[in-house]
Structure formats: C-alpha cells, structure tokens
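Each chain is listed here by its residues.
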Amino acid sequence: MGFSKDSWCVFMLQLFIVVCLIVQSFDVKVHADLNATLTVNASLASGRRIPDTLFGIFFEEINHAGAGGLWAELVSNRGFEAGGPNTPSNIDPWSIIGNETYINVETDRTSIFERNKVALRLEVLCDSTCPADGVGVYNPGFWGMNIEQGKKYKVVFYARSSGALNLTVSLTGSNGVGNLASTVITGSASDFSNWTKVETVLEAKATNGNSRLQLTTTTKGVVWLDQVSAMPLDTYKGHGFRNDLFQMVADMKPSFIRFPGGCFVEGDYLRNAFRWKASVGPWEERPGHFGDVWKYWTDDGLGYYEFLQLSEDLGALPIWVFNNGVSHNDEVDTSSVLPFVQEALDGLEFARGDPTSKWGSLRAAMGHPEPFNLKYVAVGNEDCGKKNYRGNYLRFYSAIRHAYPDIQIISNCDGSSTPLDHPADLYDYHIYTNANDMFSKATAFNRVTRSGPKAFVSEYAVTGNDAGQGSLLAALAEAAFLIGIEKNSDIVNMASYAPLFVNANDRRWNPDAIVFNSFQHYGTPSYWMQLFFSESNGATFLNSTLQATASNSLIASAITWENSADKKTYIRIKAVNFGASTVNLKISFNGLDPNSLQSSGSSKTVLTSPNLMDENSFVQPKKVAPINSLLQNVGKDMNVVVPPHSFTSLDLLKASSNLEMPGSDSSSWSSV
C-alpha cells in the first residue's frame, strides 16, 4: 500500500516539526545558561599590592602615529628633505601651483641649516601675466589639514629672495578653493637677501577637515623656502600634542610610556635607525630621517625631548628604548659598540643631568631645566638572538649600572621559559597571536619562576583574521590575558598593548588601539578593554577562586582600589565570558563585613556586541563600547548575569574600611 499525495505531505510536515524540535533542543542544550561561583577573599590583609607600573602604553612611530598624528604639525616634509640629499629631488607631498610657463620649482642645497641643506627654489617667470591667485606651492599635510573656525594657526618658514618679496600665505580647501585664512608677507630686496625667519598667525574663518597650506606670489623673481611649519596654537599645554588624541591616551591613565619603538628604533639598516641626538634642539635644525621599516619620512619634530615631555604630561614613567648597535640587517661588532654606549649615556644625561651639564644644559635650553623622571631603559628591541646582542648588551649594562645605579635595565631576551644568561632588572616579552591562543595565555605566567628578573610584557595583541581592524573577539581574548597578568603581577611588572595609534590613511599594521584621520578619531574594542584596567595600578589584588560547572570559557578576578576623585574605596570584579552561553555568576565574599557594600554608588560596566567580529568606525565610533549601569542587590552574596561574549566589570562601593592596605609599612610591595 502506498501513500497518497495528501498523506505524504502530512508525513513530511510531521517529520519537519520533529527535526526542528530536535535541533531546537540541541541548540538550547548548547546555549543553555551556565552557572559559576566566584569566591573572593576580601580581607585586605591577605591581598597583594599590584605594582604601580603594571599597565601603561607603548608608542611607536608606525602608521603615522606621531608625524601626522599625536604630533600636531600640519605640514608634511616641512624641510623638503624627504626626497633625499641629492638635488633636484622629489618634494612630495608638496605640489606646484601654476604650470611651467609661469613657474619653475626644484630643490637645491642652499639651506642655512647644516644638518638639512635641502631648500626649495621657486623661479617665478610671470609678473603681470601671472594667474590672479598667483603661483607657488601647496602642502596637503597628512591626508588633509584639519582647520577649525575661530582657531589660530602659527605658520613659520624661512625665506630668501632675489628681489622684493610679496608672498601670500593661506589656508584653503583641498582643491585650493575657499580662503579659510590668509596673510601677505612683504619685504624689500635687502630684507630677504639672506635667509630670514618669518612667523605669522592665521585665524580660520571656516572649518574644513581636508585643507591645505599655500604659499603663492605674483611677483617675478626667485624665492627660496625652507622649514615650513604650521601648528595649531591650542595644542596640549602648548607642547605640540594634538588635544583629542592626547586625551584618548590620558583617559587610559597609563603608568608608563615606552618609546619611540619598536622596530623604528632598530631600522632595517642602522643608517635609518632613530638616533636621539638628531631629534633634539631647535626643530628647524633637526635633519629628520627615513624610517625604513615602516617606509615613511619623519621630520623628528616628535623627538626625544618631546617624548619625555609627553611622559611627564601624562603622569607616566618614561621607558626609553635605544639602539644597541643592531638593526634588522646589520650590526656593530661588540668591539666597536662604544660610540653607541656613549650615545646612551649622553641621552641619560640629557634626561636626568644637571642643567649645567653638557647635555642637561641643552634640555634646559629647550625649556625644561628640571630633570625628567627617567628610571627605565630598554637595550634594543627584539634583538635577542642576533649575533652581537649579548656582547653589546653587557657593555651597555656595565656602563649604565656604573653611571646610574638606580636605572632599571630591560633585556630583549625572554626569561619566562629559560633563565637569562646575563644580568637584567626586567626582561621583554612580546606576544602577537590569534584570539583562542591569547585567551589560553591567561595562565602563561602561572608556571614562571618567582625568582630572577621581572617580566615586561611590552607588546601584546590579537592579530590575524580574527582581529580584523579591531574586533570584539580580539578585545575579549586580550582582556582574559590581562586578567592573567594581573593575577601574576608578583612577577610581571608592566604590560602594554601595541600598536597604540593608526592613521586610517596609512595602515601599516592591524589592529591598533586608536584610529584617527586629520579630524576624527575612535577607539577600537581593544582600546575600551584597556580602560577596564586603568584602576589596577597600585591597587590590591584579592585572592579569589572560580568554580564553573560546565565551562572553561570564563575568567575572573577581584581587586580593591581607591578612586582618586572621590577618595572612596571600591571592590572591582572583572569577568570575561569568552563563550556563547550566558553565565549566572554567584559572587561570595569572605573576610568582609556584611554591611560594608553599598548598592548606592555601585555600578556595572559591560563591553559586548551582537557579533564577535563587530568593529568600530568613524561612522559608528562606539558600536562596541562599554555600557555603564547602576548595580542593584549588592551584598556579601550576590548574583550577576554575565552575557555571552562579553567583558563585565562590577565596581562595588565599600562603606568604610579600617583595614590596613597591604604593603603600607613594608618595602616588599615595591613596584620595582
């Protein structure tokens, strides 16, 4: 007997329903809520002080992070040196206004500055026949200059002329249309027969985030230009840092800043390595250099002095990374490394020396007679294993230890798995990996010996396909890793994400913490993740035990910290749920007065998004960003729902505390 057509349809419908129920049942089983218990010993007496230095930042001149980024100079290739020392040379990104009938432009070597001899020569061939707007050159800056209505911009340049000078300095739109601000510089032939410094301040009449600087004339003759600079007057404290980007960093409350690299310090070849002496003194006299690792020119306006100033402005300890005679492709033999050693010693004198000393007097002349608080140096970057690194390192170590016994010296060699075969105060540890592996690295330092040098995790990030240009997935894995760092802060003294900045027009590396262009910026999920740890420096780590019934995708920790703003004390619980199921987390406190926690003033902050690969953008700068809410039902025993794929932070306000902070009378809690 066979099925009729109707019977067949009914059968198939019934089968479909059964299958759906089975699938639904399976799905519910997979994504069913999980339960976990976090037991926290809230007694401060049993806690451990976290180093004051644990979480900071690493700045490298990569992705135009400084030139065209944090450093607010608007002109790119301001000294015309980027095309090389041979002339005539390429003047990119400068461009000519007017055709060859009206003007001839090329570089020559007539500059007044000994360390950067290239200047720009403009031979104006027209006079009354010149276009009404004149001829000359313009600079688009770093993918456009951000000019804002009502703000003032200081323009400085050096000029020389074969005759009387009549030069219009203006800020316009990207196509030269729209006069945002302008002034006319005039002078007699005798006024400009020799190189003359010109300074003027332009006030913008309108706003344009994609502007350019123009220097034009309608006067026949020859004009030479050099060292053309344009800077907004409203940089942070007048120190040259772009306000919005500086604030993004300041909000991270970094305890230290490692600078200026990274591979930028090494160079592909030593001739292109960052050398501090070429980056100090008057900006006009700095030669600049080609960063051959990241393939772009920098005028070194953001130099050694400015990095030290940045550290001070942030309230962060500077960590200076210097070249040890090793690059990616060439090395100095240990027998010949003494000049590099002396350069490092001179750099320390510049930072810390008396204002009457040779290099300390240069620092004082630049506006900072007081020494900078430089206590850490790193001998090279990622050079361990190179032929001459160990020998060179020992020369640096001996010289610095003798001259500055208090300086903490950081080795490039990883001492987490194998003891170092040379003396060091800290060792450098870098990790770039996928999200799953980074999550598993939360326990990486659990098994590391508790004796010997401490670890400096100076570069960490999730990279690869699962990181995208800054995904939620990457941030969650990194958060778990940092909770592990926090738990092991008895042997890890410092940690910093890398890279910090990326200009969206020049992505040399993905992902990065802060993305910007000439007038916009946003933080990636990894940036927001780091803010969860901003209160950990100097806090008290509380011992806790996590028991999960059916998942190893949860990691949690607890600290006690004091809010510097309101002087109130909080317990902060941080939990990363790396899995796809909601976790019902029961939190129980031992060693805590039952009435010491207050619902009023307690809060919950959650970082999550519907899709693990969600990213932020200029269009949606906070698509993935922390959401804060008040926390109810706070008590000695409490229940919290931890969403799937999320990072949750609970700040529980303590009514009062009469317990002594650990380490308050003991040097054993020193952060060094």
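Look a little higher up for the structure.
Calculation criteria
- Residues numbered from 1 in each chain as written.
- Predicted model: local features only at pLDDT ≥ 70, side-chain atom pairs only at ≥ 80, totals over all residues.
- Heavy atoms only, no water.
- Helix = DSSP H or I, 4+ residues; strand = E, 2+ residues; numbered from the N terminus.
- Buried < 20%, exposed > 50% of the residue type's maximum accessible area, 1.4 Å probe, protein only.
- Contact = heavy atoms within 4.5 Å.
- Areas by Shrake-Rupley, 256 points an atom, 1.4 Å probe, with all protein chains shown as cover.
- Lys, Arg positive; Asp, Glu negative; His and termini not counted.
- Charge placed at Lys NZ, Arg CZ, Asp CG, Glu CD.
- Disulfide = S-S within 2.5 Å.
- Core = buried A, V, L, I, M, F, W, Y, C linked by side-chain atoms within 4.5 Å.
- Pairing = 2+ DSSP bridges.
- Axes fitted to C-alpha atoms, helices over the stretch in contact; angles between N-to-C directions.
- Expected span 1.5 Å × (residues − 1).
- Parallel < 35°, antiparallel > 145°, perpendicular 65-115°, else oblique.
- Left-handed = near helix turned anticlockwise from the far one by under 90°.
- Right-handed = clockwise from strand over helix to strand, strands pointing away.
- Nonpolar A, V, L, I, M, F, W, Y, C, P; charged D, E, K, R; others polar.

Quick notes on the overall build of the chain
- For the chain, the helix and strand inventory stands at 10 helices and 35 strands.
- Overall, the chain is about 100 × 85 × 50 Å in size when its C-alpha atoms are taken along their principal axes.
- A buried classification covers 56% of the 672 residues belonging to the chain.
- Within the chain, contacts between residues at least 6 apart in sequence are counted, and of these 76% link residues at least 24 apart.
- Roughly 27300 Å² of accessible area belongs to the chain as shown, and the carbon and sulfur atoms make up 51% of that amount.
- The centroid of the 52 positive side-chain charges in the chain is displaced by 3 Å from the centroid of its 67 negative side-chain charges.

Description of the state of the cysteines
- This structure, assessed with the given rule, holds two disulfides.
- A sulfur-sulfur separation of 1.9 Å characterises the disulfide bridge that pairs Cys126 with Cys130. Disulfide Cys126 to Cys130: torsion about the S-S bond roughly 90°, handedness right-handed.
- The connectivity of the disulfide-linked cysteines in the chain, indexed sequentially, is 1-2, 3-4.
- Cys263 takes part in no disulfide bond, and the closest cysteine sulfur, belonging to Cys384, lies 15 Å away.
- Using a relative accessible area of 14% as the deciding quantity, one classes Cys263 as buried.

Section: the nonpolar core
- Among the nonpolar cores identified, the biggest contains 112 residues, and Tyr304, Phe445, Ile485, Phe501 and Phe647 are the most heavily contacted of them.
- Ranked by the residues each element gives to this core, the list is headed by helix 9 (residues 472-487), at 12 residues.
- Sequence-distant contacts of Phe445, defined by excluding residues within four places in its chain, comprise Ser416, Tyr427, Tyr429, Arg450, Ala455, Val457, Ile485, Asn488, Ile491 and Val492.
- Counting residues in each nonpolar core, the second largest holds 38 residues, with Leu74, Val124, Val155 and Phe157 among its members.

Points about the sheet that holds strand 31 (residues 583-590)
- The four strands lie next to each other as 28-1-31-34, forming an open sheet whose pairing is mixed. Both edges of this open sheet fall to strand 28 (544-548) and strand 34 (637-642), since each of them pairs with a single strand only. Across this sheet, the average inter-strand angle for adjacent strands is 20°, counted without regard to direction.
- Judged from the six bridges that link them, strand 31 and strand 34 form a sheet pairing that is antiparallel. Along strand 34, the bridge assignment pairs Ile587 with Met638.

What to know about the sheet that holds strand 22 (residues 454-462)
- Taken together, the eight strands give an open sheet; going across it, the order is 3-15-18-19-20-21-22-23, and neighbouring strands pair in parallel fashion. The open sheet has two edge strands, strand 3 (57-58) and strand 23 (492-497), and neither has a second partner.
- Across three bridges, strand 19 (residues 376-379) lies against strand 20 (residues 408-411) in parallel orientation. Bridge pairing in strand 20 links Ala378 to Ile410.
- This element, helix 9, spans strand 21 (426-433), strand 22 and strand 23 of the sheet and lies at about 170° to strand 22.

Focus: helix 9
- Given a rise of 1.5 Å per residue, 16 residues ought to cover 22 Å, and the 23 Å separating the end C-alpha atoms of helix 9 matches this to within 8%.
- Counted residue by residue, helix 9 has 15 buried out of 16 residues, so it is predominantly covered.

Overview of the packing of helix 5 (residues 338-352) against helix 6 (residues 358-365)
- Contact geometry for helix 5 and helix 6: axes closest at 7 Å, N-to-C directions at 45°. Comparing the axis directions of helix 5 and helix 6 gives the class oblique. Helix 5 and helix 6 meet at a crossing whose hand is right-handed. Of helix 6, the residues touching helix 5 (which contributes Asp346, Glu349, Phe350, Ala351 and Arg352) are Lys358, Trp359, Gly360, Leu362 and Arg363.

Notes on unusual backbone geometry
- Cis geometry marks the peptide bond from Phe259 to Pro260, where omega comes out at -5°.
- Here the residue pair Asn510 and Pro511 is connected by a cis peptide bond, since its omega of -5° sits within 30 degrees of zero.
- Of note, Pro511 is situated in the loop between strand 24 (501-503) and strand 25 (514-516).
- A positive phi is found at His64, a non-glycine position, where the angle reads about 55°.
- By the element assignment, His64 lies in the loop between strand 3 and strand 4 (95-97).
- Residue classification places His64 among the buried positions, given a relative accessible area of 6%.

Quick word on the pairing of strand 1 (residues 34-41)
- Judged by which residues are buried, strand 1 turns out to be one-sided: Leu34, Ala36, Leu38 and Val40 face inward and are buried, whereas Asn35, Thr37, Thr39 and Asn41, on the alternate face, are not.
- Of the pairings in the sheet, the one linking strand 1 to strand 28 comprises five bridges and is antiparallel in character. Paired with Thr39 across the bridge in strand 28 is Thr545.

Some words on the environment of Leu592
- Secondary-structure assignment places Leu592 in the loop between strand 31 and strand 32 (597-608).
- The buried category is assigned to Leu592, whose relative accessible area is 9%.
- In this structure the C-alpha to C-alpha distance between Leu592 and Arg572, which are 20 residues apart in sequence, comes to 14 Å.
- In this view, Leu592 contacts Ala42, Ile571, Leu597, Lys636 and Lys654; residues no more than four positions away in its chain are not counted.

Comments concerning the pairing of strand 19
- Every second residue of strand 19 is oriented toward a common face, with Tyr376 and Ala378 on one face and Val377 and Val379 on the other, all of them buried.
- Relative to strand 19, strand 18 (residues 317-322) runs parallel, the two being bridged by four bridges. Among the inter-strand pairings, Phe322 is bridged to a residue of strand 19, identified as Val379.
- At this point the chain moves from strand 19, through helix 7 (residues 389-403), to the parallel strand 20, and the crossover so formed is right-handed.

With respect to the packing of helix 5 against helix 7
- At a minimum axis distance of 10 Å, the contact between helix 5 and helix 7 shows a crossing angle of 30°. With respect to helix 7, the element helix 5 is oriented roughly parallel. The way helix 5 lies across helix 7 gives a crossing that is right-handed. Listed contacts from helix 7 to Phe340, Val341, Ala344, Leu345 and Leu348 of helix 5 are Arg395, Phe396, Ala399, Ile400 and Ala403.
- Of the residues contributing to the contact of helix 5 with helix 7, the split by class is nine nonpolar, no polar and one charged.

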